[in-house]
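Close look at the chain arrangement
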Amino acid sequence: MRPENYQAVSQPPSHEFELNIGPNHPGIEGNYALKIKVEGDMVVAAKADAGYLHRGFEKLMEGRLWMQNIALVPRICVPDPAPMEICYALGVEALGGLQLPERAQWLRVMQLELSRLAAHLFYFGGVAATMGMYSNMFWGVADRDLILDLFEAFTGGRVYSMYNVPGGVRRELPDDFLGRLGALLDYLESRLPDYDRLFFSNYVMLQRTRGTGSMTQQQALEWGVTGPNLRACGLAFDVRRDDPYLVYDQLEFDVPTETAGDALSRILVRRNELLQSIRILRQVAAQLPHVAGPVRCPIPNPLAWNIPPGESYTRVESSKGELAYYCVSSGGDMPWRVHVRGPSQMHAVQVLENLAVGARLEDVAQIIFSLDACPPEVDR
Amino acid sequence: MADISYKSRGSILNPLRSLSFLTRKPVTLPLEPRAASANYRGFHLNDWEKCIGCSTCQKICDNEAITMIHIPELPADPVKGVRAERPAIDYGRCCWCGLCVDVCPTASLSLSREYIHICNDDELDSYFILPDPNGMHELHFEHGWQKTADSDLVDLKRQAMPVQAADERLQTFAEFTAGYDDQQALVEASRCVQCGMCHDACPAHMHAPDYIRAIWEQDLEEAVRQIYRTNPFAHVCGRICTRRCETACSIGVRGEPVAIRWLKRYAMDALGHDRVKALVAGMQGDSISGRRVAIIGAGPAGLTAAFDLAQQGHRVTVYEALPEPGGMMRYGIPAYRLPHARIDDDIDVIRSTGVEIQCNVRIGETLDMTQLQDENDAVLLAIGLQFGRSTRIKGADHHGVRSAVELLRSIGLQRDLPVPHAIVVIGGGNTPWTLPAAWHACSAGNMAVSM
C-alpha cells in the first residue's frame, strides 16, 4: 500500500456511493460489516459481510471432547450465552439418552431467563444508543451487571457461565441465592417505570422507530425470522410454549406480540418479554425449594466418554430467536459434526439486507440493533 | 406497570423525569479490592502437598493452557504414584471453565476469588503461572471454585468383581472370581484418566494406559498387543499380580483405583486363546539370529526371558526339574486363585513362539552344566527362590514345622499328604490363608486351623 504503487480508480459519475458500516463502526454489532450503497441519504443496496470474527466454532468442536465443548459454545453469543450451553447440553443428552434430573431442569430455566433479562437490558441500551440516547445504555448495562452478580454467585462466572454439562448442571445453588434473586426481581420491576419514561414512551424513540425497517409476517416467514422479531410481525410463536423443553410446560407466561413488524414493534415485544421473564423467574424461585434431588445424572469420566452414534436436533428460545443445535455422533468421544442454527444467521444477513434497502442512512444502525443480531451466530 | 401501545405518542418531556436521579444517592461502588463470590472462577490455586503431578488437568483443558513443569526439588515416587511435576497455566489461553478443577483426581486444584489481577512491571512477563497455594504473585486470595460432590467429574467407584458365594466356594476348588463382563469392563476402563502412574509403578512397566484405552475402545486385539509388549504372562498377571499399578493409580487417591488387573484378565479372557496365539504370532519378527540360549527354570522369570529372546529370533530351550512348567505359579498358588488351565494358556503362547521346554530335567543330575555351556551361546539361571522364610525362633527347626512355599509345592505336586487333626498357621497374609484351603482341597479329612 505504498502511495506510489497506489492508483486511484476513476469511477463513472454517479449519485451513488458505497459506504462500509463496520467492521469498526459504532453502528454495528460486533465485528460485522454491512456494505451499503447510498444515494443522498437513502440506502439503495446493502450487502452483509461476515467473516471478521470467524473462529470456526463448528469445526473446533469436532476436535474437542463432548465435555470440552461446554467451554467453547457460550462464546458464540456474548450477550446471551446461556442458551448456547444449554442447547448444546440438551443435544448431547438426547444423543446419549441421559436423563436430566428435575432440579437441573429448573436451574437451567432460571439460568435461561436470567440470561434473557440480561440480554434484553443490553439490547435496550444498544438500540437506544443508535438514536443517541446514551443514558439508557448506561442504565441497561448497570442493571445487567446486577444480573451478572447473580450469575457469578450461581454459576461461578459472570458472562460465560459454563454452568452446564451434558447430564445436568455443575453446581448446587448457594444458600442465600433465592433471596438475592427475589430482591433483584423486585428491583428490576421497580426500575421499569423509569425505563418507560426514559425510553419506551420517549417521543423521539417512538417517532424514529415507528415504521422503520418494517417487514410483513409473510416476509418474515420466508426469510426465516424467529423469536421476538417474528412475534413483532404478529405471529405468536415461541419455542418455550409451542415446543416446550425443560420445565417450560409447567410455567405460566404469555407470549407478547405486536403486529407492525417494524423496529418499534420489535422493541416493544422485548420490553413486554422482560416482564414475562420476571414472571417466570418468580415461579422458578417459588418452585425450586420443593424440587429436591441431584443436579446432575451420573456421567462417565469425560476423558473417556463415547456418545452413541446418531443425530439430534434440539432447539431453545434464546433472546434472539430460535436457537438450535444439530449434533451428530459417530460413536466417538468427540462430535462428528455440530451445526449451530443461530437465529441471527437469518436476521443479520437476508433480513438486514432487505430491510436496509429504502431506509435512511441514519436508520441503518437502528435497524441492525432492533433486530438484535449477534454476528458470531453468522460466523460460526 | 402500564402498557405502552404501539400507537402511543409518548412525550418529549418523559425522559426529563430522569432528572430526579440527580437528587438520589449515587450507587456507584468505590473501586476497591473485594473478594468475588464463594463460587467464583478466578485464578488457579494448587495445593502442592496434594497434587501428584498426574496431568489430568492438562488432558481436559479445552485450550491447551496447561503444561506440566518438572520441579526437581519435589519428591517423586513412582511406586506411590507421585511425580515431581506440577501444572503451569498460560493465562493467554485459559478460559476459566474450571474443568481442570472438576476433573482433578486429587482435588488439589481450585480457583481463587480474585477478580482482576494487577501486577508490577517486572511481573508482566509472568502470566505463565505455576499455581501454588499462595495464589498468583503471592496475593493469597481465598478459594473460590472448588471440587464438590456435584461437580466431581472423576468416577471414584470401581466395578465390583463378581465372586462365588461363600457356601458355593465350600463345595468347589474352582476359580472364585468370575471376571468382568463386557459392560463392566467398558465402564471400568472408562474410569481411567490415562495419567500413566501405573506404567511407572509396574516393575515390568506394562503399558496399562494403552491397553485400558484399547479396552475402552473395544479393540481387544490392540489391548492384548499392548499387554504382550512387556509381559507374556497376561492370564497369570490378570489374576494374581500384586498390582502395584493400582497402588499408584491417581483415581485411588480419593476413590477406588481403576481395576487394572481385572481389566488385563478381561482382555485375555474375552479375546480367547486362539486369537491371542495368532496375534502374538503376528507380533514376532521374522529375523533369525542363529544363536542358542539355554534357560534353567521354567518359572515366570525363565519363561518371560524365553519369550523375549524368542521374539528377537534366538533359539531358546528351557529346562525344568519339575514335571510341569510354571514354577511358583503352578506349585505355589492354588488353583482357586489361578487355574492351571490359564497357566497352560500363557505357556502355550510362549511355546508357540518357538520356545522349547523340557521338563523333568534337573541340571547337574540329568544334564551337565558344562555341556549346556558348550552347546549354547548363553545360559540363564532362572531358578527362583525355592526356600521358605523362617521365623528364626527357637524350635522353628522342629520336623513338624514346615514352610509355606515347600508345603504349597507338595500340595501342588499332589503328593500324598496326610491331613493332620490340627495345624497352627503363623502369619496373616495371603499365603497363610491360601494354605489350609489348598491342603483341605487336595486331601480329604477334617482339620482344625488356628491362625
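Residues numbered from 1 in each chain as written. Chains lettered and ligands numbered in written order. Predicted model: local features only at pLDDT ≥ 70, side-chain atom pairs only at ≥ 80, totals over all residues.

1. A closer look at the overall build of chain B
To be explicit about the condition: Only DSSP runs of H or I covering at least 4 residues are called helices, and only runs of E covering at least 2 are called strands; the numbering of each starts at the N terminus. Each radius of gyration reported is based on C-alpha atoms, and the globular scaling rule is 2.2 Å times the count of residues to the power 0.38. Each residue is classified by how many other C-beta atoms fall within 10 Å of its C-beta atom, where C-beta atoms are placed from the backbone; a count of 20 or more means buried, 12 or fewer means exposed, and values in between mean partly exposed. What counts as a contact here is a pair of residues whose C-beta atoms, placed from the backbone, lie within 7 Å.
Counting its regular elements, chain B contains 17 helices and 11 strands. The C-alpha radius of gyration of chain B comes to 32 Å, more than 25% above the 22 Å expected for a compact globule of 451 residues. Structurally, chain B occupies a C-alpha span of about 115 × 55 × 55 Å along its principal axes. By the burial criterion, 38% of the 451 residues in chain B qualify as buried. Considering only contacts within chain B whose residues lie at least 6 apart along the sequence, 73% involve residues at least 24 apart.

2. Considering the overall build of chain A
Each helix and strand counted, chain A has 12 helices and eight strands in total. The C-alpha atoms of chain A give 22 Å as radius of gyration, which agrees with the globular expectation for 380 residues (21 Å, within 12%). By its C-alpha atoms, chain A is 70 × 50 × 40 Å across when sized along the principal axes. Buried residues in chain A amount to 54% of all 380 residues. Across chain A, every contact between residues at least 6 apart in sequence was considered, and the portion connecting residues at least 24 apart equals 70%.

3. Let's talk about the environment of K277 of chain B
Residue and element names in this part refer to chain B. Among the secondary structure elements, K277 is positioned in helix α11 (residues 273–283). Residue K277 is classed as partly exposed on the basis of its C-beta count, with 16 C-beta atoms lying within 10 Å. Spatially, the C-alpha atom of K277 lies 8.2 Å from that of D348, the residues being 71 residues apart in sequence. Once you skip the residues sitting within four places of it in the chain, K277 turns out to touch D348, V349 and S352.

4. So, the interface of chain A and chain B
Put simply, the rule reads: Residue polarity is assigned by list, with Asp, Glu, Lys and Arg as charged and Ala, Val, Leu, Ile, Met, Phe, Trp, Tyr, Cys and Pro as nonpolar; anything else, Gly included, falls into the polar class.
Contacts between the two partners involve 40 residues from chain A, matched on the other side by 41 residues from chain B. Taken together, the elements giving at least two residues each to the side of chain A that touches chain B come down to α4 (134–155), α5 (177–200), α6 (203–209) and α10 (263–287) of chain A. A total of seven residues in the side of chain A that touches chain B trace back to one element, the largest contributor, which is α5 of chain A. Here the side of chain A that touches chain B is built from residues that sort into 22 nonpolar, eight polar and 10 charged.

5. So, the packing of helix α6 (residues 208–216) of chain B against helix α7 (residues 220–228) of chain B
Residue and element names in this part refer to chain B. Using the following cut-off: In this description, a line fitted to the C-alpha atoms serves as the axis of each element, helices being fitted only across the stretch in contact, and the angle between N-to-C directions of two axes falls anywhere from 0 to 180 degrees. Comment on the angle field: the value is read as roughly parallel under 35 degrees, roughly antiparallel over 145, roughly perpendicular from 65 to 115, and oblique elsewhere.
Packing of α6 against α7 brings their axes to within 7 Å, and their N-to-C directions diverge by 170°. By the angle class used here, α6 and α7 are roughly antiparallel. Here D210, Y211, A214 and I215 of α6 lie close against α7, whose contacting residues are E222, A223, Q226 and I227. Considered class by class, the residues forming the contact of α6 with α7 number five nonpolar, one polar and two charged.

6. Here we look at the sheet that holds strand β8 (residues 337–341) of chain A
As a general point, the strands of a sheet are linked pairwise by backbone hydrogen bonds and lie either parallel or antiparallel. All names here are of chain A. Quick note on the threshold: Should DSSP find at least two bridges between two strands, the strands are regarded as paired.
Taken in spatial order, the three strands make up an open sheet running β6-β7-β8, and their pairing is antiparallel. Each of the sheet's edge strands pairs with one partner strand only, and the pair in question is β6 (310–318) and β8. Pairwise comparison of adjacent strand axes, ignoring direction, gives a mean angle of 10° for this sheet. By the bridge criterion, nine bridges tie β6 to strand β7 (residues 321–329) in an arrangement that is antiparallel.

7. Details of the domain arrangement of chain B
Interface size is commonly expressed as the accessible area that is lost once the parts come together. What counts is decided by this rule: Domain segmentation is taken from an automatic or database assignment of domains.
Domain boundaries in chain B define domain 1 (44–138), domain 2 (169–282), domain 3 (287–381) and domain 4 (404–450). Between the C-alpha centres of domain 2 of chain B and domain 4 of chain B there is a distance of 30 Å.

8. Let's talk about the sheet that holds strand β6 (residues 292–296) of chain B
Residues and elements named next belong to chain B. Taken together, four strands build an open sheet; the order of strands is β8-β7-β6-β9 and the sheet is parallel. If you trace the sheet from one side to the other, it starts and ends with β8 (356–358) and β9 (378–381), each paired once. In this sheet, adjacent strand axes meet at a mean angle of 20° when their direction is disregarded. Packing against the sheet, helix α12 (residues 300–311) makes contact with β6, β7 (315–319) and β9, and its axis sits at approximately 170° to β7.

9. Topic: the environment of S450 of chain B
Residue and element names in this part refer to chain B. Its location among the elements puts S450 in strand β11 (residues 448–450). What makes S450 exposed here is the crowd of 8 C-beta atoms within 10 Å. A sequence separation of 146 residues divides S450 from T304, and the C-alpha atoms of the two residues are 38 Å apart.

10. Comments concerning the packing of helix α11 (residues 344–356) of chain A against helix α12 (residues 361–370) of chain A
Residue and element names in this part refer to chain A. Going by this rule: Left-handed describes a crossing in which the near helix is turned anticlockwise from the far one by less than a right angle; the clockwise case is right-handed.
Here α11 crosses α12 at 150°, and the two axes come no closer than 10 Å. Here α11 lies roughly antiparallel to α12, going by the angle between them. The element α11 and its partner α12 pack so that their crossing is right-handed. Within the contact between the two elements, α11 uses L352, L355 and A356 and α12 uses V364, I367 and I368.

11. Digging into unusual backbone geometry
Note: most peptide bonds trans; most residues except glycine with negative phi. Residue and element names in this part refer to chain B. Phi is positive for A107, which is not a glycine, with a value near 60°. A107 sits in the partly exposed class, given 18 other C-beta atoms within 10 Å. The backbone phi angle of R243 is positive, close to 45°, even though this residue is not glycine. Looking at the secondary structure, you find R243 in the loop between α8 (234–240) and α9 (244–248).

12. Section: the confidence of the model for chain B
All names here are of chain B. What counts, and what does not: By definition, pLDDT measures how confident the predictor is in each residue, and it falls between 0 and 100.
Chain-level statistics for chain B give a pLDDT mean of 87 and a share of 95% at 70 or above. Per-element mean pLDDT across chain B ranges from 67 in helix α17 (residues 430–442) up to 95 in α6. Across the predicted assembly, pTM comes out at 0.89 and ipTM at 0.88.

13. A few points about the nonpolar core
Keep this limit in mind: As used throughout, a nonpolar core is a set of buried Ala, Val, Leu, Ile, Met, Phe, Trp, Tyr and Cys residues joined through C-beta atoms within 7 Å of each other.
If you look at the biggest cluster of nonpolar residues, it comprises 209 residues, and the most contacted ones within it are L352 of chain A together with I215 of chain B. With 17 residues, helix α3 (residues 102–129) of chain A is the largest single contributor of residues to this core.

14. A closer look at helix α14 (residues 340–352) of chain B
Residue and element names in this part refer to chain B. Note the threshold: What a helix should span is 1.5 Å times the count of its residues minus one.
Along its 13 residues, α14 runs 18 Å from first to last C-alpha, staying within 8% of the 18 Å computed at 1.5 Å per residue. Taken as a whole, α14 has its buried residues at R342, I343, D345, D346, I347, V349 and I350. Buried residues in α14 make contact with α8, α11, α12 and α13 (328–331). G354 lies just past α14 and shows a positive phi near 105°.

15. So, the environment of D41 of chain A
Residues and elements named next belong to chain A. Within the element layout of this structure, D41 appears in the loop between β2 (33–39) and β3 (42–49). Measuring from C-alpha to C-alpha, the distance between D41 and A359 comes to 8.5 Å, with 318 residues separating the pair along the chain. Among all residues touching D41, those that are not within four sequence positions of it are R360, L361 and E362.

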